[in-house]
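Summary of structural features
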Amino acid sequence: MLARLSPVRLFPRIRFVLSAILITVSAACAADPVDLVDEGVCAGVTPGEVDTFAEIGATTEGIAFSPDGRLFISTSTSVKELSPDGTVAHGIDVPSALGLAWKDDALYIAGFNTDEVYRWVPGEEPVTFATGLTKPNFITATPWGTLLVSNDFAPEIYEIDGEGEVAMWSTAVASPNGMVFSADGSELYVATTFEEPGLYVVSVADGKAGDVRKLATFTTGEAPDGIALDAQGGVWVALNVAKKLVRATADGEVETMAEELVFPASLAFGQGEFDACSVYVTQLFGKGVHRVTAGVTGEALFGEEAPGENL
């Protein structure tokens, strides 16, 4: 997610004046089961088809599926739950909400405007889990049981342990934003937005950050934001200002997968009763959630069941 400074985000030294685009389309129905072929490739679908899956009525940024296949998205001060038919239900209000990540039975929420991370178990009240971060943006769970949180205005990736204690995990990546681990947890993919925009790979050993290499180069005018991993090892990147999704392969080849989106922010492959062969995409400066046909399923992380395996 691009860090929220005001209704218009300020890039270093460059101000982009972005016009909100309203798309009025009825919410899409839940997808029928799909056929899968080798390596999570979907049969009988056309990649790149875009529709408006849900209308929220507010800008949307973070997105996360729970382990049991429930879909949650964030607005600036709330978390909503979406049903497979696109119905929207209110979850909770929080002082600030940007990135979302599930770990065990709880949803963790990056509070960009409060420098805090919140923990919410559905059915209970949210609590402040960690403090002392600077502009927490994207958040992801680690294979070793902690959380990583990015700050896209500084070369800072924080780590939060199970007790809510905060430490600096890496300062080697400029302007880190979206993050996702490789399937085996040995690498962390990081999209960078403002400084040296691109897609980077951080090697990981024993829970520690190692060497960093650049996988793909983008521009500040494209604004790389959220990312997700597919079952073939491709990394999907939301190019916010460019209004498109791209996919980077392990050798750095970049392919455009979908265009003319409403400022795509974060994305997640469908799980549970949601379409496993699509990515669900939040809309910075829009007021809904896109569904984009991907043609592949998402990658199972850390030994979990892959989306679509039970279809």
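In this numbering scheme, every chain counts its residues from 1 along its sequence in written order. Given that this is a predicted model, residues contribute local features only at a pLDDT of at least 70 and side-chain atom pairs are listed and counted only at 80 or more, while totals for whole chains, interfaces and linings are drawn from all residues. To obtain the side-chain values, all non-hydrogen atoms of the structure were included, while hydrogens and water were left out.

Section: the state of the cysteines
- Criterion for a disulfide: a pair of cysteine sulfur atoms within 2.5 Å. Using the criterion set out here, one finds 1 disulfide in the structure.
- In this model, Cys-42 is linked to Cys-277 through a disulfide, with the two sulfur atoms separated by 1.8 Å. In this structure, the disulfide formed by Cys-42 and Cys-277 twists by about -95 degrees around the S-S bond and is classed as left-handed. Placement of the pair is Cys-42 in strand E4 (residues 42-43) and Cys-277 in the loop between strand E26 (264-269) and strand E27 (278-283), with a sequence separation of 235 residues.
- Residue classification places Cys-42 among the buried residues on the basis of a relative accessible area of 9%.
- Buried residues are those whose accessible area, probed at 1.4 Å on protein chains only, stays under 20% of the maximum for their type, while exposed residues exceed 50% and partly exposed ones sit between those limits. Assessed through its relative accessible area of 1%, Cys-277 is described here as buried. Only DSSP runs of H or I covering at least 4 residues are called helices, and only runs of E covering at least 2 are called strands; the numbering of each starts at the N terminus.

Observations regarding the packing of aromatic side chains
- Whether two aromatic rings pair depends on their centres lying within 6.5 Å, for rings of Phe, Tyr and Trp, where Trp uses its six-membered ring; planes under 30 degrees apart make the pair stacked, over 60 edge-to-face, and the rest tilted. By the definition in use, this model includes 14 aromatic pairs.
- Seen in terms of ring centroids, Phe-153 and Phe-194 are 5.0 Å apart; in terms of plane orientation they differ by 10 degrees. Their pairing is stacked. One end of the pair, Phe-153, is in the loop between strand E15 (147-151) and strand E16 (156-160); the other, Phe-194, is in the loop between strand E19 (187-192) and strand E20 (198-205), with 41 residues separating them in the sequence.
- Overall, Phe-194 belongs to the buried group, its relative accessible area being 7%.
- Judged by centre distance (5.7 Å) and plane angle (90 degrees), the ring pair of Phe-274 and Tyr-280 falls under edge-to-face.
- Joined through ring pairs, the aromatic side chains of Phe-53, Phe-65, Phe-274 and Tyr-280 make up one cluster.
- Across the ring face of Phe-112, the terminal group of Lys-135 is positioned such that the distance to the ring centre comes to 4.9 Å. We call a charge positioned over a ring when the NZ of a Lys or the CZ of an Arg lies within 6 Å of the ring centre and within 35 degrees of the ring normal.

What about the sheet that holds E20?
- If you walk across this open sheet you meet the 4 strands as E18-E19-E20-E21, and the pairing is antiparallel. Either end of the sheet is taken by a strand with one partner, and the two such strands are strand E18 (176-181) and strand E21 (208-217). Sheet twist, expressed as the mean angle between neighbouring strand axes with direction ignored, is 25 degrees.
- Looking at chain direction, E20 and E21 are connected through 7 bridges and run antiparallel. Across the sheet, residue Tyr-200 finds its bridge partner in E21, namely Lys-214. Each pair of strands is called paired provided DSSP finds at least two bridges between the two strands. Axis lines are fitted through C-alpha atoms, for helices just across the contact stretch, and the angle between N-to-C directions can take any value from 0 to 180 degrees.

Comments concerning the nonpolar core
- If you look at the biggest cluster of nonpolar residues, it comprises 15 residues, and the most contacted ones within it are Tyr-189, Leu-199, Leu-215, Phe-218, Ile-227, Val-235 and Val-237.
- Considering every element that reaches this core, the biggest residue donor is strand E23 (residues 235-239), with 3 residues.
- Sequence-distant contacts of Ile-227, defined by excluding residues within four places in its chain, comprise Phe-138, Gly-178, Met-179, Val-180, Tyr-189, Val-190, Ala-191, Leu-199, Val-235, Trp-236, Val-237 and Leu-267. We call a set of buried Ala, Val, Leu, Ile, Met, Phe, Trp, Tyr and Cys residues a nonpolar core when their side-chain atoms join them within 4.5 Å. The criterion used for residue contact is that any of the two residues' heavy atoms lie within 4.5 Å.

Points about the sheet that holds strand E12 (residues 116-120)
- If you trace the 4 strands from one edge of the open sheet to the other, you get E10-E11-E12-E13, paired in antiparallel fashion. With one partner strand each, in any of the chains shown, strand E10 (100-103) and strand E13 (127-131) form the two edges of the open sheet. Along the sheet, successive strands turn relative to each other by an average axial angle of 30 degrees, direction set aside.
- Here 4 bridges tie E12 to E13, and the two strands are oriented antiparallel to one another.

Section: the confidence of the model for the protein
- Note on scores: pLDDT gives the predictor's confidence for each residue, bounded by 0 and 100. On average, the protein scores 87 in pLDDT, and the residues at 70 or more come to 84%.
- Under a pLDDT of 50 for its full length, residues 303-311 has, in the predicted model, 15 contacts with residues more than four places off or in other chains.

Thoughts on the pairing of strand E7 (residues 71-74)
- Where burial is concerned, the two faces of E7 agree: the one with Leu-71 and Ile-73 and the one with Phe-72 and Ser-74 are both buried.
- For strand E6 (residues 63-65) and E7, the ladder comprises 3 bridges, and the chain directions are antiparallel. Each residue of the ladder has a partner; that of Ala-64, found in E7, is Phe-72.
- As consecutive antiparallel partners, E6 and E7 are separated by 5 residues, and within that stretch Gly-69 has a phi angle of approximately 85 degrees, a positive value.
- Examined bridge by bridge, E7 and strand E8 (residues 78-82) share 4 bridges and lie antiparallel to one another. Residue pairing in the sheet places Leu-71 in a bridge with Leu-82 of E8.
- Turn length for the E7-E8 hairpin, with the two strands adjacent in sequence and antiparallel, is 3 residues.

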